[in-house]
Amino acid sequence: MEAVIVNGHTVRALTIAGSDSGGGAGIQADLKTMHQFGVYGMSVVTAVTAQNTLGVQGVHELDAEFVQMQMDSVLDDIGTDAAKTGMLANESIIHAVVDGLEKHAVPYLVVDPVMVAKGGAPLISPEAIDALRERLVPRADVITPNIPEASVLCGHPLETWDEYHRAAEQLAKAGAQTVVIKGGHMSPFQSTSTPWGRNIIDPVSVDIVFCNGDYTYFLTKRIDTRKTHGTGCTYSAAITSMLARGYSVLDAIAVAKAFIFQAIEGAKDWDVGQGHGPTDHFANVPLGSSVEPGGAYLCDGLPWVRLDQ
Ligand SMILES: Nc1ncnc2c1ncn2[C@@H]1O[C@H](COP(=O)(O)OP(=O)(O)OP(=O)(O)O)[C@@H](O)[C@H]1O
Ligand SMILES: Cc1ncc(COP(=O)(O)O)c(N)n1
């Protein structure tokens, strides 16, 4: 993949996240994804984890001042067309990151509110949740919680379609421009009766996107695999890369969703690690995936197909 040039300049994207030594999630997943999208990737490291596909063996959080220093280094000199946040570890780092974002011009911000690793290890302190909610959510152009994260941010359990919708609206009211409630943790049974009035028999993974008052639903087949380490990181890095390249928010999400689907599918038979293996960051970037707001779209091979209402 060659570097993408838009309006005469090399497209850049920044990830502000934790390092995963195993290479499947965090900073490593983000940089691999940005590279695959032809975007020049940069990183601000918030914490270093000793981690593999079996779990997190240790976490070392960096000083908030050093996080701020990395932001200044990168943004004073190189600048960026879009940024994303991932693991932010603690309250002081969140304040440092938001201060940095306020100081420097960052055209788009994607917030992946990372809280718990797939194996159950906490990646943020409980006291930091208020700072995440109060300082970062209002700055998000796109926020991408999974169901447990949306539930923590909204302060109550989410189990029904109606509750997912109310959660998206609550996060939008708190200031996030576009809310993506990810379906990786939804029970497959909830997909049998759908808000767009058509039943789906096969298990699917549905992402609910709330943008400018419209709901758009992105569906793919649910892949039967436990190799889903770093799916959320990879997906949000793909959205960030597409925004950096100048795509609209919905088209960025459509391409990213098709990419993560192929990345999960592509790694099904990989032999990387003994636990929750990583996704295939070498997957094809399906640039033609374009959608209109306010419908339900199925990606079963490309292009996206609009489902009957
Ligand atoms: N088994 C699966 N089959 C198809 N798509 C999936 C599957 N699991 C997750 N996805 C998709 O991957 C993306 C990430 O969703 P998920 O809910 O897994 O995020 P996450 O929990 O934040 O991920 P992680 O914590 O591993 O980084 C979403 O688009 C979701 O629909
Ligand atoms: C540094 C870092 N950031 C994010 C995740 C979440 O990914 P997952 O939920 O797949 O473990 C992680 N495990 N490590």
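Small disclaimer: the values here were computed from a predicted structure and weren't measured.

Draft legend 1. Region of interest: the site of ligand 1. Around ligand 1, the structure places 21 residues, and the nearest of them are Lys118, Lys182, His185, Ser205 and Asp207. Interatomic distance of 2.7 Å between a side-chain N/O atom of Lys182 and an oxygen atom of ligand 1. In the environment of ligand 1, an oxygen atom lies 3.5 Å from a nitrogen or oxygen atom belonging to the backbone of Gly230. Here ligand 1 loses 93% of its free accessible area of 620 Å² to cover by the protein chains. Secondary structure elements with two or more residues in the shell around ligand 1: strand E10 (204-211), strand E11 (214-221), helix H7 (231-244) and helix H8 (249-266). Considering every element that reaches the shell around ligand 1, the biggest residue donor is H7, with 4 residues.

Draft legend 2. Representation of the site of ligand 2. If you check the shell around ligand 2, you find 15 residues, and the closest are Gly18, Gln51, Lys118, His229 and Gly230. Separating an oxygen atom of ligand 2 from a backbone N or O atom of Lys118 is a distance of 2.8 Å. Look at ligand 2: alone it shows 360 Å² of surface, and the protein chains cover 93% of it. Among the residues forming the shell around ligand 2, the class breakdown is 7 nonpolar, 7 polar and 1 charged.

Draft legend 3. Quick peek at the pairing of strand E9 (residues 178-181). Side chains of E9 alternate between two faces, with Thr178 and Val180 and Val179 and Ile181 buried alike. Alignment of strand E8 (residues 142-143) against E9, held across 2 bridges, turns out to be parallel. From the neighbouring strand, Val142 faces E9, where its bridge partner is Thr178. Pairing between E9 and E10: 4 bridges, direction antiparallel. Across the sheet, the residue bridging to Ile181 is Ile208, located in E10.

Draft legend 4. Structural view of the environment of Arg12. Relative to the elements of secondary structure, Arg12 occurs in strand E3 (residues 12-20). For the pair formed by Arg12 and Pro286, sequence separation is 274 residues and the distance between their alpha carbons is 19 Å. With near-sequence residues (within four places) excluded, Arg12 lies in contact with Val39, Tyr40, Met42, Ile78, Gly79, Thr80, Asp81, Ala82 and Ala244.

Draft legend 5. Here's a closer look at the packing of aromatic side chains. Applying the stated criterion across every chain, the model contains 6 aromatic pairs. Seen in terms of ring centroids, Phe37 and Phe259 are 4.9 Å apart; in terms of plane orientation they differ by 75°. Their pairing is edge-to-face. One end of the pair, Phe37, is in the loop between helix H1 (26-36) and strand E4 (40-52); the other, Phe259, is in helix H8, and 222 residues separate them in sequence. Comparing Phe37 with Phe259 shows no difference in burial state: the two are buried. Joined through ring pairs, the aromatic side chains of Phe210, Tyr215 and Tyr217 make up one cluster.

Draft legend 6. Looking closely at the packing of helix H5 (residues 147-154) against helix H6 (residues 161-173). At a closest axis distance of 10 Å, the pairing of H5 and H6 adopts a crossing angle of 55°. In terms of their interaxial angle, H5 and H6 are classed as oblique. Once H5 is placed against H6, the crossing between them reads as left-handed. Facing Ile147, Leu153 and Cys154 of H5, the residues of H6 in contact are Tyr164, Ala167, Gln170 and Leu171. Of the residues assigned to the contact of H5 with H6, the class counts are 6 nonpolar, 1 polar and no charged.

Draft legend 7. Quick look at the sheet that holds strand E6 (residues 83-85). Overall, mixed pairing links the 11 strands, which are arranged E5-E4-E3-E6-E7-E8-E9-E10-E11-E12-E13 in an open sheet. In this open sheet, the two strands that pair with only one neighbour each are strand E5 (55-61) and strand E13 (305-306).

Draft legend 8. Main features of the packing of H7 against H8. In contact at an axis separation of 8 Å, H7 and H8 are set at 140° when each is read in the N-to-C sense. The way H7 lies across H8 gives a crossing that is right-handed. Between H7 and H8, the contacting residues are Thr231, Thr234, Tyr235, Ala238, Ile239, Met242 and Leu243 on the first element and Val249, Ala252, Ile253, Val255, Ala256, Lys257, Phe259, Ile260 and Ile264 on the second. Counted by class, the contact of H7 with H8 contains 13 nonpolar, 2 polar and 1 charged residues.

Draft legend 9. Geometry of the environment of Asp112. Among the secondary structure elements, Asp112 is positioned in the loop between strand E7 (109-111) and helix H4 (128-136). For the pair Asp112 and Tyr235, spaced 123 residues apart in sequence, the C-alpha to C-alpha distance is 9.4 Å.

Draft legend 10. Representation of the pairing of E5 within the structure. Pairing of E4 with E5, which is carried by 6 bridges, proceeds in the antiparallel orientation. In the sheet register, Gln51 faces E5, and the bridge partner there is Val56. In textbook terms, the turn of a hairpin is the stretch between consecutive antiparallel strands, and for E4 and E5 this stretch comprises 2 residues.

Draft legend 11. Focus on unusual backbone geometry. If you check the backbone angles, Asn7 has positive phi at about 50° while not being a glycine. Considering the arrangement of structural elements, one finds Asn7 in the loop between strand E1 (5-6) and strand E2 (9-10). Unusually for a residue other than glycine, Asn212 sits at a positive phi of about 50°. With respect to the helices and strands, the residue Asn212 is situated in the loop between E10 and E11. Asn212 sits in the exposed class, given a relative accessible area of 70%.

Parameters at a glance
Residues numbered from 1 in each chain as written. Chains lettered and ligands numbered in written order. Predicted model: local features only at pLDDT ≥ 70, side-chain atom pairs only at ≥ 80, totals over all residues. Heavy atoms only, no water. Near = heavy atom within 4 Å. Polar contact = N/O pair within 3.5 Å; in protein donor to acceptor, adjacent residues only side chain to side chain. Areas by Shrake-Rupley, 256 points an atom, 1.4 Å probe, with all protein chains shown as cover. Helix = DSSP H or I, 4+ residues; strand = E, 2+ residues; numbered from the N terminus. Nonpolar A, V, L, I, M, F, W, Y, C, P; charged D, E, K, R; others polar. Buried < 20%, exposed > 50% of the residue type's maximum accessible area, 1.4 Å probe, protein only. Pairing = 2+ DSSP bridges. Contact = heavy atoms within 4.5 Å. Phe/Tyr/Trp six-rings, centres within 6.5 Å; stacked < 30°, edge-to-face > 60°. Axes fitted to C-alpha atoms, helices over the stretch in contact; angles between N-to-C directions. Parallel < 35°, antiparallel > 145°, perpendicular 65-115°, else oblique. Left-handed = near helix turned anticlockwise from the far one by under 90°.

In short, the description is geometric, and any link to function would need to be established separately.
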